[in-house]
Amino acid sequence: MSKLLEKHEQLLLEAKKFERINPKEGALMAEQVRSFAKEHNHEILEAEALLRIGRCSYLKGDLELASGHLNEGLMLVEGLGAKEVECEMNLSMGNTYYFMEILDQAVTYYTKALEISKKGNLIHLEAGILNNIAAIFYSLEATEDSLEYLKNAMNRQIAHNDSFLEVSFSYNLAELYYRNSQMKEARSQIDRTMEIIDGNEDRLLYAKALHILGLIEYDEGKKSNGFSHLEEALELTTETKELLMEMEIRLDLAECRMKEEEAEKGISILLDVVKRNSQNDFGSGMLKIYSKLGEYYDLIDEQELANLYYRKHLSALRVIEEEKKRERVRGIKLHLKLKQYQDETELYKKLTSRLHEKTRLLSDSYEQMQIVSEIGQKITAKLDIESIFDDLYKDMTRLMKINTLGIGIYDKVTRSIKYSLSIEDGEKMPVYRINLDNPNSLAAYSVNQDRELIINNMETEYIKYINERSHTVGKPTKSAVFIPLKVEEKLIGVLTVQSREENSYTDKSLLALNTLASYLAIAINNAQKSQDLKEEIHNREMVQKSLVVLNRKLQTLSDQDGLTKVANRRHLDYQLEIDWEKALRDQQEISLMLLDVDYFKEYNDFYGHLKGDEVLKKIAEVLTRALEEDTIEATLARYGGDEFIVVLPGGDLEKGKKIAERIMKDIDKEDSEHERSPILNKVTLSIGIATEIPKENDYTVLVNKADQALYKAKRNGRNRIGFIS
């Protein structure tokens, strides 16, 4: 038993080494130790194994799994006297919540870990905890507090003489200086970091140092060196599968490429991680990537793709917020099982105050962005803005105080703004115009200066922009916002919201309105283009009708096999990719049937190709009827030559067999003569069926299996069904 225990303790040490080299491998090692510990009721060893599994999980980016293992470990370790394990468990739990951006929970665990480390004189762990508290202050933009705690952490590290911590803290200090634009200090510190790290085997720390070194050298004008370091850092994090850090490096590398006007490279860098992680959001990392992709596509005038990634950003934001809610519930349940942590230190009070305010602002901002997103989706989904204007007014009153909402459209010919869409207290207002040369119009000032205006006391603030107030229509207002509507450099119009109360609008209101203005500008621009198109259609109505008919025929022909009138290979590839991705997402079965006419070459040689074509058309009709009778949602296509293919989304192997048997029976009933067939003297089919629950985004796996099943049917004598599951 003692030898077995020693073996598993050694395995756990190996797992710890692998945490930052290959977290996946480290977790597998720790799982072996955990199984052994549970079997032999060794609670401390089991807790240590859970700690290692939890740390590997959050380093891989699986934060939910990490918190689950660490919670279990905390409940297990309490009262066992293993203070170092308990301290590191709390520290790791804090790290997990930090990466999930649930900072108040992170502080709770860091504070508990700090208390344990001080009582147990665990200086090396105390240094790490102080470093992480410094990181929280940094995320809250409290730079001075962050520097203070990081320096305290370094003092503890110097006392402990831990080379790993020395590298980690030196890198953190370099990053802090860099992000704070203290380039001289950042350069000095990163040089120090690279000296310390020389010979250090920790590839993850080396990657972090290369990341900051690359950014510094890029900013210093050593762009070639900068890109080289950033790409090396990216390669290392990709190898170690440290996804969260990989995302941060990709964002910085893409930004540098965009600065060099290498848009294609910049976008490609971000798309690579999107493709590899299409089914996962990975917290704020993917959130930032979606946001940047939207921004970059905006810059290169790919508006459809920009809108796609803005929507992905909002969707991911909702997922993250829901996960945060679940984690909070999980945290409450944990606190009911663990003793209440009482800590009235000045640190806790200081952070709690900051966190409460930030949490409130984030909650308000999230709710606000949800409403803006809903409004934006309504606007961009229609080409007739006027048809949704009433709903727009109602939705916007959920965001802020509004008595008047106006959308003015720019008229290039008259150089004026035409307020064709205005509403006051729920009632439509008459159409009116504002000339852009009017020196006493706030709307004209906003457009001419290309800037938004926010006024919360009209009596005293208007003088900043115009000489005197000129009243147009409606009741006087005391607060107002004006925002130019533009698509890139093209002026579309102006958006205004107004209230009869003072101090109605804040920076938060302005942020929401700016976002909404982007949606509006795009929607109006699209509507104008649509109107231009309608006029052109009207002028060429007769010609266009002919073109529409022709286009429909061409579309049908492009997706249809000319001989059999079923789908062609092009349409099959398109539909199969859609069905495969859905099955991958829902983890449902998908079946594929490959059908081949037995001895078709011999048939053509004997009867001629015209007769062969008639046989293929007859088989296509039989297959179509069989699928219609079964009422299953399937795709039938000619795969090439005498081969047909049937895709059965959601169909299992038994379903595929039943359909195949019906097809074989119907073909037999046709009794089409084939004197050169060595098996029945009539036309027969061989069918291969394969079923798969997708594990990767590559449907050729299923096609290859079906091909193997068809080969099996042919090898066994033809006129039969072969299958592989």
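Residues numbered from 1 in each chain as written. Predicted model: local features only at pLDDT ≥ 70, side-chain atom pairs only at ≥ 80, totals over all residues. Heavy atoms only, no water.

### As for the overall build of the protein
Looking only at helices and strands, the protein has 27 helices and 12 strands in total. Counting the 725 residues in the protein, one finds 49% classified as buried. A fraction of 63% describes how many contacts in the protein between residues 6 or more apart in sequence connect residues 24 or more apart. Within the structure as shown, the protein displays about 36,300 Å² of accessible surface, and the carbon and sulfur contribution to it stands at 47%. (Helix = DSSP H or I, 4+ residues; strand = E, 2+ residues; numbered from the N terminus. Buried < 20%, exposed > 50% of the residue type's maximum accessible area, 1.4 Å probe, protein only. Contact = heavy atoms within 4.5 Å. Areas by Shrake-Rupley, 256 points an atom, 1.4 Å probe, with all protein chains shown as cover.)

### What about the pattern of salt bridges?
Under the definition given, this model contains 42 salt bridges. Its salt-bridge partner being Lys705, residue Glu692 comes within 2.6 Å of it at the nearest N-O pair. In this pair, Glu692 is assigned in strand 11 (residues 685-692) and Lys705 in helix 27 (residues 700-715), connecting sequence segments 13 residues apart. The network of salt bridges with common partners includes Arg187, Asp191, Glu217, Glu220 and Lys222. (Salt bridge = Lys/Arg side-chain N within 4 Å of Asp/Glu carboxyl O.)

### Some remarks on the packing of helix 11 (residues 203-219) against helix 12 (residues 223-240)
Taken N-terminus to C-terminus, the directions of helix 11 and helix 12 make an angle of 155°; their axes are 7 Å apart at the nearest point. Comparing the axis directions of helix 11 and helix 12 gives the class roughly antiparallel. The way helix 11 lies across helix 12 gives a crossing that is left-handed. Contacts from Arg203, Leu204, Tyr206, Ala207, Leu210, His211, Leu213, Gly214, Leu215, Glu217 and Tyr218 in helix 11 reach Lys223, Asn225, Gly226, Phe227, His229, Leu230, Glu232, Ala233, Leu236, Thr237, Glu239 and Thr240 in helix 12. Grouping the amino acids of the contact of helix 11 with helix 12 by side-chain chemistry returns 11 nonpolar, seven polar and five charged. (Axes fitted to C-alpha atoms, helices over the stretch in contact; angles between N-to-C directions. Parallel < 35°, antiparallel > 145°, perpendicular 65-115°, else oblique. Left-handed = near helix turned anticlockwise from the far one by under 90°. Nonpolar A, V, L, I, M, F, W, Y, C, P; charged D, E, K, R; others polar.)

### Structural notes on helix 4 (residues 63-77)
The terminal C-alpha atoms of helix 4 lie 21 Å apart, and with 15 residues this matches the ideal 21 Å at 1.5 Å per residue to within 8%. For helix 4, every residue scored as buried is listed here: Leu63, Ala66, Ser67, His69, Leu70, Asn71, Gly73, Leu74 and Val77. Phi turns positive, to about 90°, at Gly79, one or two residues after helix 4. (Expected span 1.5 Å × (residues − 1).)

### Looking at the sheet that holds strand 9 (residues 635-640)
The strands making up a sheet associate through backbone hydrogen bonding, with each pair oriented either parallel or antiparallel. Taken in spatial order, the five strands of this open sheet run 9-10-8-11-12, and their pairing is mixed. Each edge of the sheet is formed by a strand with only one pairing partner; in this case those strands are strand 9 and strand 12 (721-724). Neighbour-to-neighbour, the strand axes of this sheet turn through a mean angle of 20°, independent of strand direction. Judged from the five bridges that link them, strand 9 and strand 10 (residues 643-649) form a sheet pairing that is antiparallel. (Pairing = 2+ DSSP bridges.)

### As for the packing of aromatic side chains
What the rule picks out here adds up to 10 aromatic pairs. Taking 4.8 Å as the distance between ring centres and 85° as the angle between the ring planes, the aromatic pair formed by Phe606 and Tyr607 counts as edge-to-face. The partly exposed category is assigned to Phe606, whose relative accessible area is 37%. Taken together, Phe600, Tyr603, Phe606 and Tyr607 form an aromatic cluster joined through their ring pairs. (Phe/Tyr/Trp six-rings, centres within 6.5 Å; stacked < 30°, edge-to-face > 60°.)

### Considerations on empty space enclosed by the protein
Rolled over the atoms, a probe sized like a water molecule indicates the empty space that remains. On inspection of all chains with the given rule, the structure shows three cavities of 30 Å³ or more. In this model, the largest cavity occupies a volume close to 60 Å³. Val615, Lys618, Ile619, Val622, Ile667, Glu670, Asp671, Ser672 and Val683 are the residues that line the largest cavity. For the lining of the largest cavity, the elements supplying multiple residues, two or more each, are helix 25 (609-630) and helix 26 (653-670). Residue contributions to the lining of the largest cavity peak at four residues, all from helix 25. (1 Å grid on protein atoms, 1.4 Å probe; cavity = no way out; pocket = protein on both sides within 12 Å on 5 of 7 lines; lining within 4 Å. Points joined across faces, edges and corners; volume = space filled by probe spheres on them.)

### A few points about the confidence of the model for the protein
On average, residues of the protein score 82 in pLDDT, and 84% of them reach the 70 mark or higher. Scored below 50 in pLDDT, residues 334-349 makes 26 contacts in the model with residues more than four places away or belonging to other chains. (pLDDT = per-residue confidence, 0-100.)

### Some points on the pairing of strand 7 (residues 490-499)
A large share of strand 7 lies buried, amounting to eight of its 10 residues. By the bridge criterion, six bridges tie strand 1 (residues 404-411) to strand 7 in an arrangement that is antiparallel. Bridging across to strand 7, Ile407 finds its partner in Leu495. Judged from the nine bridges that link them, strand 6 (residues 479-487) and strand 7 form a sheet pairing that is antiparallel. Bridging from a neighbouring strand, Lys486 pairs with Leu491 of strand 7. Adjacent in sequence and paired antiparallel, strand 6 and strand 7 are bridged by two residues, among which Glu488 carries a positive phi angle near 55°.

### So, unusual backbone geometry
Here the phi dihedral of Lys565 falls at roughly 65°; this positive angle occurs in a residue that is not glycine. When you line up the elements, Lys565 lands in the loop between helix 22 (541-559) and helix 23 (569-586). According to the relative accessible area criterion, Lys565 is exposed, its value standing at 52%. You will see that Tyr599, though not glycine, has its phi angle at about 55°, which is positive. Among the secondary structure elements, Tyr599 is positioned in the loop between strand 8 (590-597) and helix 24 (600-607).

### Examining the side chain of His8
In this structure, His8 sits in helix 1 (residues 2-18). Leaving out residues up to four positions away in the same chain, His8 has contacts with Gln32, Val33 and Phe36.

### With respect to the side chain of Asp252
If you trace the backbone, Asp252 turns up in helix 13 (residues 243-259). Within polar-contact distance, the side chain of Asp252 engages the side chain of His211 at 2.7 Å. Beyond its immediate chain neighbours, meaning those up to four positions away, Asp252 contacts Arg179, His211 and Leu215. (Polar contact = N/O pair within 3.5 Å; in protein donor to acceptor, adjacent residues only side chain to side chain.)

### Here we look at a negative patch on the surface
Together, Asp301, Glu302, Glu304 and Glu488 make up a region of like negative charge exposed at the surface. Mapping Glu302 onto the fold places it in the loop between helix 15 (283-299) and helix 16 (303-337). Classification of Glu302 by relative accessible area gives partly exposed; the value is 38%. (Patch = residues over 30% accessible without salt bridge, like charges linked within 9 Å, V, L, I, M, F, W, Y side chains within 5 Å. Lys, Arg positive; Asp, Glu negative; His and termini not counted. Charge placed at Lys NZ, Arg CZ, Asp CG, Glu CD.)

### What about the pairing of strand 11?
Strand 11 sits mainly inside the fold: eight of its eight residues count as buried. Covered by surrounding structure in strand 11 are Leu685, Ile687, Ile689 and Thr691 together with Ser686, Gly688, Ala690 and Glu692, the residues of both alternating faces. By the bridge criterion, eight bridges tie strand 8 to strand 11 in an arrangement that is antiparallel. Within strand 11, the residue paired with Leu594 across the bridge is Gly688. With respect to chirality, the unit in which strand 11 leads through helix 27 into the neighbouring parallel strand 12 is left-handed. (Right-handed = clockwise from strand over helix to strand, strands pointing away.)

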